[in-house]
Each structure stands twice: as structure tokens, then as C-alpha cells.
Amino acid sequence: MSITKRLYSYYLLLPALLIYVVFYVLPTLIGLFYSFMDWRLDSETIEFNGLYNFERIFTDETLLLAIKNTVIFAVVTVIGKNVLAILLAVALNMNLKTRNALRAIFYAPSIVSVLVISLLFTPMLRSEGLLNEILDAVGLDFLMASWLTDPSIVMLTISGLSIWQYTGFQMAIYLAGLQSISKDYYEAARIDGAGSWSSFVHITLPLLWPAININVMLTLIGGLKVFSEVFVLTGGGPGNASQVIGTIILRAFGEGNWGLGTAVNTLLFIAVTLISIPLLLYMRRKEVQE
């Protein structure tokens, strides 16, 4: 076989590779360069300032709070979305008459814009909103809260809304994984006397690892890059209580502090890379072992 024929498949990748390099790799490298610069709207020159931008990130209370909130959102949504999605997938994989309708109902919110969902829920989550009225009507008034204006719970509120919206999407992936598992495994387990829980732990979960791997990575990266939900629901408030890395980047660029904004964006890129790649490798090894 000639060299040209052997390289033919690689030639097909060149257009996509070129687009990836131009629109992703180069901007990333340029951003890394400017993250070490004093680049501001009120300055006519761009000067090298070393690690000052990164030092400011780890000494500024607002920036540290944004990092903390981003981590909280990521952890809560990764756990919430995946646990609920697995439970829904298992339930809706059963032979129920209404399972197709229920699948559509649970999946539907994930195809609606975050902007629409947030605008819909904002009045519902106010102190005098529908959610508190329902809690009061059913005798659960002790659960009433200022969902979007209480600094102690605002991030949990935003996380809960994200879980509600996207659990159906993760459920669809788990359903695909469940439907690829042969029923012969369950029949053999039943013959051996295994119960439903034992079958779930020793058959369903191990064979569902590829789907778990995909969903954990999707929810983790999405959680670390959260922006839309916070921006529309609270704008980072009350005060700075719900600031996340994404809103800090927007604020920095909006204030004309482009060097700091680029540094925060670079830090987010590094964090996503350092967290997601080792986790992906671990879960891939786990997948093979299972």
C-alpha cells in the first residue's frame, strides 16, 4: 500500500483539525500569554506583570468565594444528576404502560433554554412566590425560605434547578446503557437466587460503567463551567454570594480588566483539565476491570 493511501484517512481529519487549532488551541495559547499581562482598559500599554493576576485570584475574597461556589455547584450537581438519573432510568426501564410518556416528560426540560427555565422559575422562587405558597398550603411552612436572596442557600437553589432541568438528559444516557445489557444476566442471577438489589449492584452497575463514565464527565465539566443559571437567576447576588468563576470572568472583562479576566479563564481551563483527565483515566480503568 502506498504512503498516500495510508495517509488518506488522516487527510480527512485535516479540515476539522485546522478548525480546532485556529478556534481553540490558538486562542487558548494567546489567553495564556495575556494572563501574565497587566492588560486594562484604562492603560494604553500592555505590560508583563508575572504571576500578579493569579496571586490576586487567590487573595481576593470575592474571587475565592467564586471558586468555592463553583466547586459546590459542581459537586452537588454531579451527585444529584447522576443519582436521580440512574433511579429514573431503572424505574422507566421497567415494563410500564406510561413509560414512554414519562420518559418524554422527564427529558423535556433538558431541551429548553436555560434562559427560559431561569426566567420561569425566578418569580416562583421569590419569598412570596409560588413555591413558598405551596409549602405553606400543605403545612410545610417551616421549609419556606428566601431561595434566591438568602446567601446561605442560594447556591443550593441554583444547583437544585440545574438538577431538575438536566437529570432527564442523563437519564436518557443511562436508559441507553440499561437497554444494552442482556436479560440473560438477570435470568441467570434469578436462577441463582439473587434478589433485585443484588442484581442491581452486581450486574446493572458494573455493566453501566460506560454510561456512568460519560455522565460523570459531562456533569463535572458542565458544573465547573456554570454561568447561565447564575447569571440569569441572581447575577451573582445577593451581593457576591452566588458569584462563580464564569460570572467573575464576565465582570472582569466588563470592567475592562482583561488581564485578570484572562487569568481567571486560564485557571478555569487548568482546573477542568487537571480534574477531568485523571478522573477519566480512573473511570476508564474501572470500566475495564468491571
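Residues numbered from 1 in each chain as written. Predicted model: local features only at pLDDT ≥ 70, side-chain atom pairs only at ≥ 80, totals over all residues. Heavy atoms only, no water.

S.K.: Could you give an account of the side chain of Q170, with specific residues and numbers?
M.R.: With respect to the secondary-structure elements, Q170 resides in helix α8 (residues 154-179). The buried category is assigned to Q170, whose relative accessible area is 4%. Excluding its chain neighbours within four sequence positions, the residues that come into contact with Q170 are K81, N82, A85, N215, L218 and T219. (Helix = DSSP H or I, 4+ residues; strand = E, 2+ residues; numbered from the N terminus. Buried < 20%, exposed > 50% of the residue type's maximum accessible area, 1.4 Å probe, protein only. Contact = heavy atoms within 4.5 Å.)

S.K.: Any details on the pattern of salt bridges? Residues and values, ideally.
M.R.: All told, the structure shown has two salt bridges when counted by the stated rule. Two residues, R40 and D38, come together in a salt bridge whose shortest N-O distance is 2.7 Å. (Salt bridge = Lys/Arg side-chain N within 4 Å of Asp/Glu carboxyl O.)

S.K.: Before we move on, could you go through the packing of helix α5 (residues 99-107) against α8 and cite the residues and values that matter?
M.R.: Where α5 contacts α8, the two axes come as close as 8 Å, and the packing angle between them is 140 degrees. Judged on the interaxial angle alone, α8 and α5 are oblique. From α5, R103, F106 and Y107 reach across to α8, where they touch G168, F169, M171, A172, L175 and Q179. Of the residues contributing to the contact of α5 with α8, the split by class is six nonpolar, two polar and one charged. (Axes fitted to C-alpha atoms, helices over the stretch in contact; angles between N-to-C directions. Parallel < 35°, antiparallel > 145°, perpendicular 65-115°, else oblique. Nonpolar A, V, L, I, M, F, W, Y, C, P; charged D, E, K, R; others polar.)

S.K.: Explain helix α9 (residues 183-191) residue by residue, including any values.
M.R.: The backbone nitrogen of D184 lies 3.2 Å from a side-chain oxygen of the residue at the head of α9, namely S182. Of the residues one or two after α9, G193 is the one with positive phi, at around 90 degrees. (Polar contact = N/O pair within 3.5 Å; in protein donor to acceptor, adjacent residues only side chain to side chain.)

S.K.: Report on a negative patch on the surface, specifying residues and quantitative values.
M.R.: A cluster of like negative charges, contributed by E128, E133, D136 and D141, occupies part of the molecular surface. Mapped onto the elements, D141 comes out in the loop between α7 (130-137) and α8. Using a relative accessible area of 43% as the deciding quantity, one classes D141 as partly exposed. (Patch = residues over 30% accessible without salt bridge, like charges linked within 9 Å, V, L, I, M, F, W, Y side chains within 5 Å. Areas by Shrake-Rupley, 256 points an atom, 1.4 Å probe, with all protein chains shown as cover. Lys, Arg positive; Asp, Glu negative; His and termini not counted. Charge placed at Lys NZ, Arg CZ, Asp CG, Glu CD.)

S.K.: So what about the packing of aromatic side chains? Which residues, and what values?
M.R.: One pass over the full model with this rule turns up eight aromatic pairs. Measuring from ring centre to ring centre gives 5.2 Å for Y20 and Y24, while their planes differ by 25 degrees; the resulting arrangement is stacked. You can see Y20 and its partner Y24 sitting in helix α2 (residues 8-34), four residues apart, about one turn around the helix. On the basis of relative accessibility, which here comes to 38%, the residue Y24 falls in the partly exposed class. (Phe/Tyr/Trp six-rings, centres within 6.5 Å; stacked < 30°, edge-to-face > 60°.)

S.K.: Describe in detail the environment of V71, supporting the description with residues and values.
M.R.: Counting through the fold element by element, V71 comes out in helix α4 (residues 61-92). On a C-alpha basis, the gap between V71 and V244 in space is 8.9 Å, while along the polypeptide they are 173 residues apart.

S.K.: Run through the packing of α9 against helix α10 (residues 196-207), naming residues and quoting values.
M.R.: Running from N to C, α9 and α10 point in directions that differ by 160 degrees, and their axes come no closer than 11 Å. Viewed along their axes, α9 and α10 adopt a mutual orientation that is roughly antiparallel. For the pair α9 and α10, the crossing hand works out as right-handed. Where α9 approaches α10, its residues Y185, Y186 and A189 are matched on the opposing element by S199, I203, T204 and L207. Considering only residue class, the contact of α9 with α10 consists of five nonpolar, two polar and no charged. (Left-handed = near helix turned anticlockwise from the far one by under 90°.)

S.K.: Describe the side chain of T122, with residues and values.
M.R.: Counting through the fold element by element, T122 comes out in helix α6 (residues 114-124). With relative accessibility at 17%, the residue T122 sits in the buried group.

S.K.: I'd like to hear about helix α11 (residues 209-224), residue by residue, with values.
M.R.: When the terminal C-alpha atoms of α11 are compared, their 22 Å separation across 16 residues agrees well with the 22 Å that a helix rising 1.5 Å per residue should span. Among the residues of α11, those classed as buried are W209, A211, I212, N213, N215, V216, M217, T219, L220, G223 and L224. (Expected span 1.5 Å × (residues − 1).)

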